[in-house]
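Summary of the model geometry
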Amino acid sequence: MSRVDVSMTDPQVVAYLGKRLAMLRDREGLTLEKAAAASGLNSATVWRAENGGNPTLLTVVRLLRVYGRLEDLSLLVPQAPPSPLRALERAGLLRSR
């Protein structure tokens with residue numbers, strides 16, 4: 001599967017994330033041990049993250065930083081678009097409730 005899909009279970013999503021982290025590490029030509037050392041993590045933590053072990057967000061941040069992909073986190077939680085109703089309220093064109 002090339003993307004996260006709404007039909008996936010939470011463990012499947014975490015496993016997908018792990019596979020993507022492993023692919024990024026491989027693309028950078030890093031061994032698991034070198035990625036761990038560069039990120040300040042231990043090898044077991046990186047291994048668990050890559051194998052569906054529910055990594056913490058801090059672990060993901062550290063690994064993405066090492067892989068030069070930290071900016072991709074902005075895709076995880078995109079900026080909310082402005083609310084049209086709030087804009088009308090601020091402009092005084094709509095009464096707030």
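A short tour of the structure in this document, coming up. Note that the coordinates shown come from a computational prediction; the quantities given were computed from them, not determined experimentally. (Residues numbered from 1 in each chain as written. Predicted model: local features only at pLDDT ≥ 70, side-chain atom pairs only at ≥ 80, totals over all residues. Heavy atoms only, no water.)

Moving on to the environment of E50. Assignment of secondary structure puts E50 in helix α3 (residues 43–50). Relative accessible area serves as the criterion here: at 8%, E50 is assigned to the buried category. Residue contacts for E50: discarding those within four places in its chain leaves G18, K19, L21, A22, R25, L32 and Y67. (Helix = DSSP H or I, 4+ residues; strand = E, 2+ residues; numbered from the N terminus. Buried < 20%, exposed > 50% of the residue type's maximum accessible area, 1.4 Å probe, protein only. Contact = heavy atoms within 4.5 Å.)

Turning our attention to a nonpolar patch on the surface. Taken together, L85, L88, L93 and L94 make up a surface patch of nonpolar side chains, about 380 Å² in accessible area. Counting through the fold element by element, L88 comes out in helix α5 (residues 84–90). (Patch = residues over 30% accessible without salt bridge, like charges linked within 9 Å, V, L, I, M, F, W, Y side chains within 5 Å. Areas by Shrake-Rupley, 256 points an atom, 1.4 Å probe, with all protein chains shown as cover. Salt bridge = Lys/Arg side-chain N within 4 Å of Asp/Glu carboxyl O.)

Counted by the stated rule, this structure contains three salt bridges. In this structure, D72 and R69 form a salt bridge, with 2.8 Å as the shortest nitrogen-oxygen distance. What makes R69 partly exposed here is its relative accessible area of 29%. Here R86 ties to E89 by a salt bridge, and the two come within 3.3 Å at their closest N and O atoms. One end of the pair is R86 and the other is E89, both in helix α5 and three residues apart, which spans about a single turn. Judged by relative accessible area, which is 48%, R86 ranks as partly exposed.

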